[in-house]
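Tertiary structure, described
Residues per chain are reported as follows:
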Amino acid sequence: MSTLLLKNAELLVTMDAERRRIPNGGLFVRDAEIVQVGATPELPDAADQILDARGMVVLPGLVNTHHHLYQSLTRCMAQDSVLFDWLTTLYPIWARLTPQGAYVSAKLALAELMLSGCTTSSDHLYIYPNGVRIDDEIEAARELGIRFHATRGSMSLGQSQGGLPPDSLVEDEEAILRDCRRAVEQFHQAERFGMVRVGLAPCSPFSVTADLMRESAVLARSYGVRLHTHLAETLDEERFCLEKFGARPVDYVESLGWMGPDVWHAHCVHLSDAEITLFARTSSGVAHCPNSNMRLASGIAPVRALRDAGAHVGLGVDGSASNDSGHLLGEARQAMLLQRVRGNPAAMGAQEALEIATLGGASVLGRDDIGALAPGMAADFIGYRLARPEFSGALHDPLAALVFCTPPAVDLSVINGSIRVRDGAIVGLDMPALVRRHDALSHALLRGD
């Protein structure tokens, strides 16, 4: 067994049950598990690897609960569009995605997340043209060493059947369910500290049939895996559901078995008070995507009300084409500020924003082994150096500096007990070469090569 000692952190933010903040703090890790947390003098003084975190604030790794990694190839498109117009502009471009494009875009976008402090990310891949498979993303995640929740998405309701996506991008429902079974059986790691987990994720109420939603729920529950989809993101979606199904989006998915502790929904911007109560009562999760919601003019999700009701809320950067960024610490900052826009400057503080980004994300993904620094938890932690221009003048409160000030890149990241970012660079990754390859694939995709 290998051991790792982190010591001398200026401040260790545990997010444990007591929410301890430990000056001159540290961790002792055996293999992938934290075995001791405390002030540096209380910890062992020897280990196979020693990390001196002097001058750093250290906290649990951030958890991303919603993304579309392939969209990093098409940033800054349809810049002034709402969701439905944005989608119809981009669908024909995405139809040209290749397996190589899926792999490289996943690797670039996951690397971007890691450099922002993310140690666990989900992804929602719902298009499979030209031989693309969810395997392409999982390969990229494994190479980078990031903890990954891959959701096998799907679209089956094309324009000819009254859906939004073009018929060229939808799949046969039997083929979808068959590949969902394969993905779960091949990749899902249910054990504690599992690095790859698989969920099932029909794309949205306007791109799949009710039958596929029902069958996906039955299939997921037969395997004990989680369910994910977009929900209540825009008023256009609400109108679509009322016209096509005679129900609001939340009522519609509830009727199909899509509420419960094994379900999380992305966005949830347009919720009634009764629907907020339903989320809390059923322990259904919400992936809050503040930057994407602003970019597409979708609205402000009622995160304060959801949290007050006791609902599970995590953060998501959403696709890199509707956010155009993959900075999860930046997402925490935006979440905090957006809840204040309605007029209450105390609506959310830095501590709560970071709780949503760590413990909140863990709960949304159904994990009790990440999100906090405590004995028995996975050794997923990150460190930011405090001596930087962005934090100058804020060192009286290092935790607040992380959220109120300009979000920096991470200096240190340990995932599953392995050092993955050291001195601000991903270990073993030629980032300039990856960026060049990604740019070349993006140009080819946009040209239609």
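Everything below is about the structure printed above this text.
First things first, this report covers the structure right here in the doc. Remember, predicted model here, so these are calculated numbers, not experimental data.

1. Looking at the overall build of the protein chain
Within the protein chain one finds 14 helices and 17 strands. Whereas a compact globule of 449 residues would reach a radius of gyration of roughly 22 Å, the protein chain reaches 21 Å, a difference of no more than 12%. Each of the 449 residues in the protein chain was classed as buried or not, and the buried ones make up 62%. Across the protein chain, the fraction of contacts at a sequence separation of at least 24, relative to all contacts at a separation of at least 6, is 75%. As presented, the protein chain carries roughly 15,700 Å² of accessible surface, and 50% of it is formed by carbon and sulfur atoms. Placing the 39 positive and 54 negative side-chain charges of the protein chain at their respective mean positions leaves the two points 3 Å apart.

2. Some details on the pattern of salt bridges
The final tally for this structure, using the stated rule, is 26 salt bridges. Put simply, Glu 143 and Lys 107 hold a salt bridge, and the shortest N to O gap is 2.7 Å. Of this pair, Glu 143 sits in helix α3 (residues 134-144) while Lys 107 sits in helix α2 (residues 99-116), and the two are 36 residues apart along the sequence. With a relative accessible area of 14%, Lys 107 lands in the buried category. Across the pair Glu 352 and Arg 304 runs a salt bridge whose closest N-O atoms are separated by 2.7 Å. Placement of Glu 352 in helix α12 (residues 350-364) and of Arg 304 in helix α10 (residues 303-309) is noted, with a sequence separation of 48 residues between them. Its relative accessible area of 16% is what places Glu 352 among the buried residues.

3. A closer look at the pairing of strand β8 (residues 147-154)
Burial within β8 is extensive, with 8 of its 8 residues counted as buried. Residues Arg 147, His 149, Thr 151 and Gly 153 of β8 are buried on one face, and the alternating residues Phe 148, Ala 150, Arg 152 and Ser 154, pointing to the opposite face, are buried as well. As judged from the 6 bridges shared by strand β7 (residues 118-125) and β8, these two strands associate in the parallel manner. Within β8, the position partnered with Asp 123 by the bridge is Ala 150. Between β7 and its parallel partner β8, the chain crosses via α3, and the hand of that crossover is right-handed. For β8 and strand β9 (residues 196-202), the ladder comprises 7 bridges, and the chain directions are parallel. In the sheet register, Ser 154 faces β9, and the bridge partner there is Pro 202.

Criteria and thresholds
Residues numbered from 1 in each chain as written. Predicted model: local features only at pLDDT ≥ 70, side-chain atom pairs only at ≥ 80, totals over all residues. Heavy atoms only, no water. Helix = DSSP H or I, 4+ residues; strand = E, 2+ residues; numbered from the N terminus. Rg over C-alpha atoms; globule rule 2.2 N^0.38 Å. Buried < 20%, exposed > 50% of the residue type's maximum accessible area, 1.4 Å probe, protein only. Contact = heavy atoms within 4.5 Å. Areas by Shrake-Rupley, 256 points an atom, 1.4 Å probe, with all protein chains shown as cover. Lys, Arg positive; Asp, Glu negative; His and termini not counted. Charge placed at Lys NZ, Arg CZ, Asp CG, Glu CD. Salt bridge = Lys/Arg side-chain N within 4 Å of Asp/Glu carboxyl O. Pairing = 2+ DSSP bridges. Right-handed = clockwise from strand over helix to strand, strands pointing away.

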